[in-house]
Amino acid sequence: MAKKWVYMFTEGNADMRELLGGKGANLAEMTNIGLPVPQGFTITTEACTQYYEDGRKINDEIMAQAMDGVAKMEEINDKKFGDLNNPLLVSVRSGARASMPGMMDTILNLGLNDEVVAAMIAGNPDPAFERFVYDSYRRFIQMFSDVVMEVGKKYFEQLIDKMKEQKGVKYDVDLTAADLKELAGQFKDEYKKQLGKDFPSDPVEQLKLAIEAVFRSWDNPRANVYRRDNDIPYSWGTAVNVMPMVFGNLNNESGTGVAFTRDPATGEKKLMGEFLKNAQGEDVVAGVRTPMPITQMEQEFPEAYAEFIKVCDTLENHYHDMQDMEFTVENKKLYMLQCRNGKRTAQAALKIACDLVAEGHKTEAEAVAMIDPRNLDTLLHPQFDAAALKAAKPLGSGLGASPGAAAGKIVFTADDAVAWAARGEKVVLVRLETSPEDITGMKSAEGILTVRGGMTSHAAVVARGMGECCVSGCGDIVMDEENKKFTLGGKEFHEGDTISIDGTTGNIYDGLIPTVDAQIAGEFGKIMAWADKYRKLRVRTNADTPEDAKKARELGAEGIGLCRTEHMFFAEDRIAAFREMICADTAEARKKALDKILPYQQSDFEQLFEALEGYPVTIRFLDPPLHEFVPHEEAEQKKLAEALGKSLDEVKAIVEGLKEFNPMMGHRGCRLAVTYPEIAEMQTRAVIRAAINVQKKHSDWKVVPEIMIPLISEVKELKFVKKIVVETADAEIEAAGAELKYQVGTMIEIPRAALTADEIAKEADFFCFGTNDLTQMTFGFSRDDSAKFLGAYYDAKILENDPFAKLDQNGVGKLMEMAIRLGKPVNPALHVGICGEHGGDPTSAEFCHRIGLDYVSCSPFRVPVARLAAAQAAIKEGDQGCGKKSFVDDETKEKLKEAAEKAQSIARELAETSAEVAKAGLAGLKAGIEEAKRAYNESRKS
């Protein structure tokens, strides 16, 4: 039996998202629950995968099934595809299983050609109908040329602007049927000029090319960027949805809109959206015309509006989440074209989740699971200082499309935003309207300001998804993009001038307004409390200063997983002494210099212990190569020579001698302590003295410093450095007459350390995976240089993500698993964490939960992200709140233990028996394993 590549909407449901994509599954689901959906079909995501496997070609079987789908559509709709008397026109839309708004392609009005257009007009002499037909035709030619044949839409926009200028009108809707007929002819001429061939007139050829274009758009640059940012695998592919056209541009009794059942910016429970009369969906989303609020639809189309309100209630009660819907009204009749769980700001996500629990739609666990952890970042970023904001006078305002504060220098193109940001400039991207091609520039900018478009325009939707500040639809701006300037509030702004925008109020200000840290409370605290109920992974922070540590504690950190002591050496009052140590000729001279640093280090550690209030603090001993601490400019070297009583040539020789061909794999980490034991001695004294002092002041705290030795590759290295640490620490504790526990562990950041973790675990109290270096050494990529070529790796599909941003679970992850599997049996008390940048990445945190880490450690502002991600990992593993038992209970654990012991007993007997008896023993072993499986499955079912 041939593989099924095509499903009618009546054959699918919401559970078929992986096969039908989100849009196709939801169109099928809306059909199932009786909503007014134009009946079409979906070509599966598997067909997309097959398209790429076949060398970017649609095979005959897929196309044949698609044409069978067209035949069924013709029967359902009583129209014929390509027929002159009663033509069926269709839309062709993408639909991946994860929502990717604006990232892939859509073609509307497909099936039109000169003959069909003429026949349609001949059958209806109404001049308004003639205008509608030519409006649809010129739209189709432009969209098909741009999306399918990749002829830049700018050529057609220039022709439209020229026509409007000649006719003295402002909007497309003001053009007459004759104007649009002339435009359609100009568009076809432009198509032939650009491609050297006529515009295709065969509807079947149009359809095949359009389906190919949607599949091809899965691999377009903007989709690839969006997927990398949103953890969407390339292997998923996109579905294609083909459905009959309904026409919002038919007449003034028709229109199109986009709406949300709750406010996607604030989460407030109210219908929010926009509507345009006599328009197609692209007009709303692209922001070509500024639409009217959805509530105004009630005056224009009261019957359709009343039905739409019922649909909104039906969908939210059905999906138990805020819905984002696209719809069209044709001759006052409502048609639903799409629904999905709506994109929302982090602030809205928290409110909606809490409200859905209060309303009985969700359990607490389900509410925690529905929030994208990455979006929490936006809640934690600075907002405008209230006093400064009150004193500032807005120059103008638009729509507050995505909350937050942004201030920076004005740029007018996405490419400039990327380039300026790369050199450290904070920029605000100002555009007439954004398009999907602008995504990289939108990412690089602090905020986005557009002249056109509403709350559901491309700029607004994408900015909300990114958590980026956006003000859209500021019609008061007089824009001159070509000369990179605009006028607002009587002032002319040029590229490089500064502005500030408020994505909550929509206000726009001249100059830079200072910002303050965001305040988090209310729903944030409630969601975090729920998350903490379910998560198993503890969350620590990477912090080198008391300020960072305090901020992390406020955000829920349960300790410091990484304190980088080298950052403390760069302070003005310490660097001189450290350089003196580096330039010293003897151990005594080095110790003398280090004695000057000791009080500073001790003070630093005391402040950290105070800030953490008895929570664990992991202190990594000196890691970077020494050349990073010495001056490289001659003037600075001369100052150092004078301070040390050495000649300039001597200092230059020392600096030159510290240079290495590959410093990241050179004289650094534990190798420094092997070469210069006095460094480890000084740092140990500072840590232990600080801990003793803080413990004395706070007898109710449990101060147990964790000393971490970096860059271990051989257990003998750890033994050597640990001996120095233990002897120094014990001497300090004895001298102080104190009682203090401490731990000595190591970073696992060299593949050999992971491979020999069973040996290292005998000497270590804990492991901490330094995944920045572990990734670097596993891939053989320099993390400082890999960005130069990773773009080519993404394009070639060698890699889907930057392995320094998202943990490589197949390679680096296997090393981590191996280290745990080898280390834990040798040292059952071993605790294990991660302190690379991956600790704050949600997918990496889920992996860490899965392989049994005790904690993740990340930057302070990523702590809530990690807490939420850890909870979601536990919920996912245990099916919390979904009517299933969360984790294996004590009774089942006992059964599993008994079954395992039985299996082990049989295995031991097996080794002692003859081959004959061994067979029976093997059968018993299998029975023991089956018993264990049954016990586990019973616990899952219950």
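Model, not experiment: these values are computed from the prediction.

Before going further, it helps to spend a moment on the overall build of the protein. Per the secondary structure count, the protein includes 37 helices and 31 strands. For 942 residues, the compact-globule estimate of 2.2 N^0.38 gives 30 Å, and the protein sits close to it at 33 Å. The proportion of buried residues among the 942 residues of the protein is 54%. Sequence-distant contacts, at least 24 apart, represent 69% of the contacts inside the protein between residues at least 6 apart. Accessible surface, the protein: about 39,900 Å² in total, of which carbon and sulfur atoms supply 49%. Averaged over its 116 positive side-chain charges, the protein has a centre that lies 2 Å from the centre of its 149 negative ones.

What follows is about the packing of aromatic side chains. By the definition in use, this model includes 23 aromatic pairs. Each member of the aromatic cluster is reached from another via a ring pair, and the members are Tyr51, Tyr52, Phe215 and Tyr234. We note Arg423 situated over the ring of Trp420; from NZ or CZ to the ring centre the distance is 4.7 Å. We note Lys797 situated over the ring of Tyr234; from NZ or CZ to the ring centre the distance is 4.8 Å.

Ranked by size, the top nonpolar core spans 117 residues in total, and within it Phe605, Phe609, Ile709, Phe769, Met816 and Leu853 carry the most contacts. It is helix H27 (residues 677-697) that provides the largest number of residues to this core, a total of ten residues. Val148, Phe187, Phe215 and Val427 belong to the second largest nonpolar core, which has 87 residues in total.

Attention shifts here to the sheet that holds strand E18 (residues 478-480). In spatial order, the strands read E18-E19-E20; together these three strands make up an open sheet with antiparallel pairing. Single-partner strands in this sheet number two, and they are E18 and strand E20 (491-494). Sheet twist, expressed as the mean angle between neighbouring strand axes with direction ignored, is 20°. Of the strand pairs in this sheet, E18 and strand E19 (residues 485-488) are connected by three bridges, and their pairing is antiparallel. Note that in E19 the partner of Met479 across the bridge is Phe486.

The next point concerns the sheet that holds strand E24 (residues 538-542). The strand order around the closed barrel formed by eight strands is E24-E25-E26-E27-E28-E29-E30-E31, and the pairing between neighbours is parallel. Recorded for the sheet is a direction-independent mean angle of 25° between the axes of neighbouring strands. Relative to strand E28 (residues 743-748), strand E27 (residues 706-709) is paired through four bridges, and the arrangement is parallel. By the bridge assignment for E28, Ile707 is matched with Val744.

Now for the packing of helix H3 (residues 60-77) against helix H8 (residues 203-217). In helix packing, the relevant descriptors are the interaxial angle and the interaxial distance, both defined with respect to the helix axes. It is at 12 Å that the axes of H3 and H8 come closest, and there the two elements cross at 120°. With respect to each other, H3 and H8 are oriented oblique. Relative to H8, the crossing made by H3 is right-handed. Contacts between H3 and H8 involve Met63, Ala66, Met67 and Val70 from the former and Val204, Leu207, Lys208 and Ile211 from the latter. Class assignment for the residues of the contact of H3 with H8 results in seven nonpolar, no polar and one charged.

Summed over all chains, the structure comprises 64 salt bridges. Notably, a salt bridge pairs Lys332 with Glu253, separated by 3.7 Å at the nearest N-O pair. Taken together, the positions of Lys332 in the loop between strand E9 (323-330) and strand E10 (333-341) and Glu253 in the loop between strand E5 (238-244) and strand E6 (255-260) put the pair 79 residues apart, joining distant regions of the chain. Take Lys332: its relative accessible area is 38%, and that puts it in the partly exposed class. With a shortest N-O distance of 2.7 Å, Arg668 and Asp773 are connected by a salt bridge. Of this pair, Arg668 sits in the loop between helix H25 (648-658) and helix H26 (670-675) while Asp773 is found in helix H31 (residues 771-779), placing the two residues 105 residues apart along the sequence.

Right, let's get into helix H12 (residues 302-319). An ideal rise of 1.5 Å per residue puts 26 Å on 18 residues; H12 measures up with 26 Å between its terminal C-alpha atoms. For H12, the complete set of buried residues consists of Ala304, Tyr305, Phe308, Val311, Cys312, Leu315, Glu316 and Tyr319. Angular distribution of buried residues about the axis of H12 spans 125°; they occupy a single face of the element. Across from the buried face of H12, at angles greater than 90 degrees, the exposed residues are Glu303 and Lys310. Contact partners of the buried residues in H12: helix H1 (17-32), E6, helix H11 (297-300), E9 and E10. At the C-terminal side of H12, His320 shows a positive phi close to 55°.

Interaxial distance between helix H22 (residues 572-583) and helix H24 (residues 634-644) falls to 11 Å at its minimum, and their mutual angle equals 75°. As judged from the angle between their axes, H22 and H24 are roughly perpendicular. Contacts from Arg579, Glu580 and Cys583 in H22 reach Glu636, Leu640 and Leu644 in H24. Residue composition of the contact of H22 with H24, grouped by class: three nonpolar, no polar and three charged.

A regular strand places its side chains on the two faces of the sheet in alternate fashion. Across the seven residues of E5, seven count as buried, placing the element largely inside the fold. Going residue by residue along E5, you find Thr238, Val240, Val242 and Pro244 tucked away on one face and Ala239, Asn241 and Met243 tucked away on the opposite face as well. Both strand E2 (residues 41-43) and E5 contribute to a ladder of three bridges, which runs antiparallel. By the bridge assignment, Ile43 is partnered in E5 with Val240.

Bringing the side chain of Asp623 into the picture now. Tracing the chain through its elements places Asp623 in the loop between strand E26 (617-620) and H24. According to the relative accessible area criterion, Asp623 is buried, its value standing at 6%. When residues no more than four places from it in sequence are discounted, the contact partners of Asp623 are Glu566, Arg668, Gly669, Leu672 and Pro710.

In this section: the pairing of E6. Among the six residues of E6, six are classified as buried, and the element is accordingly described as predominantly covered. The alternating pattern of E6 places Gly255, Gly257 and Ala259 and Thr256, Val258 and Phe260 on opposite faces, both of which are buried. With six bridges connecting them, E6 and strand E7 (residues 272-277) associate as antiparallel partners. Bridge assignment links Gly257 to a residue of E7, and that residue is Phe275. Sheet topology note: the E6/E9 ladder contains six bridges and is antiparallel. Within E9, the position partnered with Ala259 by the bridge is Met325.

Let us now look at unusual backbone geometry. Despite not being glycine, Arg56 shows a phi value in the positive range, around 60°. Turning to its location among the elements, Arg56 is positioned in the loop between helix H2 (45-53) and H3. Residue classification places Arg56 among the partly exposed positions, given a relative accessible area of 37%. Of note, Asn278 is a non-glycine position whose phi angle comes to about 50°, a positive value. With respect to the helices and strands, the residue Asn278 is situated in the loop between E7 and helix H10 (281-286).

Once that is clear, we can look at the confidence of the model for the protein. The predicted model of the protein has a mean per-residue pLDDT of 89, with 91% of residues at 70 or higher. Across residues 880-890, confidence stays below pLDDT 50; counting only partners more than four residues off in sequence or on other chains, it has 25 contacts. For the stretch residues 910-918, pLDDT sits under 50, and the model shows four contacts to residues farther than four places along the chain or on other chains.

Another point: helix H16 (residues 414-422). The set of residues buried in H16 consists of Ala414, Asp416, Ala417 and Trp420. Looking down the long axis of H16, one finds its buried residues gathered within 155° of arc, a one-sided arrangement. Of the residues in H16, the exposed ones pointing more than 90 degrees away from the buried face are Asp415 and Ala422. Where H16 is buried, its residues contact strand E14 (405-411), strand E15 (427-431) and helix H17 (439-444). Phi turns positive, to about 95°, at Gly424, one or two residues after H16.

About the cut-offs
- For every chain, the first residue of its written sequence is number 1, and the numbers climb from 1 along that sequence.
- In keeping with the model being predicted, local features are shown solely for residues with a pLDDT of at least 70 and side-chain atom pairs are shown and tallied solely at 80 or more, while totals for entire chains, interfaces and linings include all residues.
- No hydrogens and no water enter the side-chain calculation; it runs on all heavy atoms of the structure.
- In this text, helices come from DSSP runs of H or I with a minimum length of four residues, and strands from runs of E with a minimum of two, each type numbered from the N-terminal end.
- As a reference, a globule follows 2.2 Å times the number of residues to the power 0.38, and the radius of gyration itself is taken over C-alpha atoms.
- Buried means the residue's accessible area, taken with a 1.4 Å probe over protein chains only, is under 20% of the maximum for its type, while exposed means over 50%, and partly exposed covers the values in between.
- Whether two residues touch is decided by their heavy atoms; if any such pair falls within 4.5 Å, the residues are in contact.
- Here the accessible surface of atoms and residues is derived via Shrake-Rupley with a 1.4 Å probe, and residues count as covered only by protein chains that are part of the display.
- Charged residues are defined narrowly, with Lys and Arg counted positive, Asp and Glu counted negative, and His plus the chain ends left uncounted.
- Charged side chains are reduced to one point each, which is NZ for Lys, CZ for Arg, CG for Asp and CD for Glu.
- Side-chain rings of Phe, Tyr and Trp, where Trp is taken by its six-membered ring, are said to pair if the distance between their centres is within 6.5 Å; with planes under 30 degrees apart they count as stacked, over 60 as edge-to-face, and otherwise as tilted.
- The rule is short: NZ of Lys or CZ of Arg within 6 Å of the ring centre and within 35 degrees of the ring normal puts a charge over the ring.
- Residues grouped as a nonpolar core are buried Ala, Val, Leu, Ile, Met, Phe, Trp, Tyr and Cys residues, joined through side-chain atoms within 4.5 Å.
- By the convention used here, strands pair only if DSSP detects at least 2 bridges between them.
- Note on definitions: angles span 0 to 180 degrees between N-to-C directions of axes, and those axes are lines fitted to C-alpha atoms, for helices only across the stretch in contact.
- In what follows, roughly perpendicular refers to angles from 65 to 115 degrees, roughly parallel to angles under 35, roughly antiparallel to angles over 145, and oblique to any angle outside these ranges.
- If you view the pair so one helix is near and one far, a crossing is left-handed when the near helix is turned anticlockwise from the far one by less than a right angle, and right-handed when it is turned clockwise.
- As a working rule, the residues Ala, Val, Leu, Ile, Met, Phe, Trp, Tyr, Cys and Pro are called nonpolar, Asp, Glu, Lys and Arg charged, and the rest polar, with Gly in that last group.
- The term salt bridge refers to a side-chain nitrogen of Lys or Arg lying within 4 Å of a carboxyl oxygen of Asp or Glu.
- Here the expected length of a helix is defined as 1.5 Å per residue gap, with one fewer gap than residues.
- In this description, the arc belongs to the directions extending from the helix axis to the C-beta atoms.
- A residue's pLDDT is the confidence the predictor assigns to it, expressed on a 0 to 100 scale.

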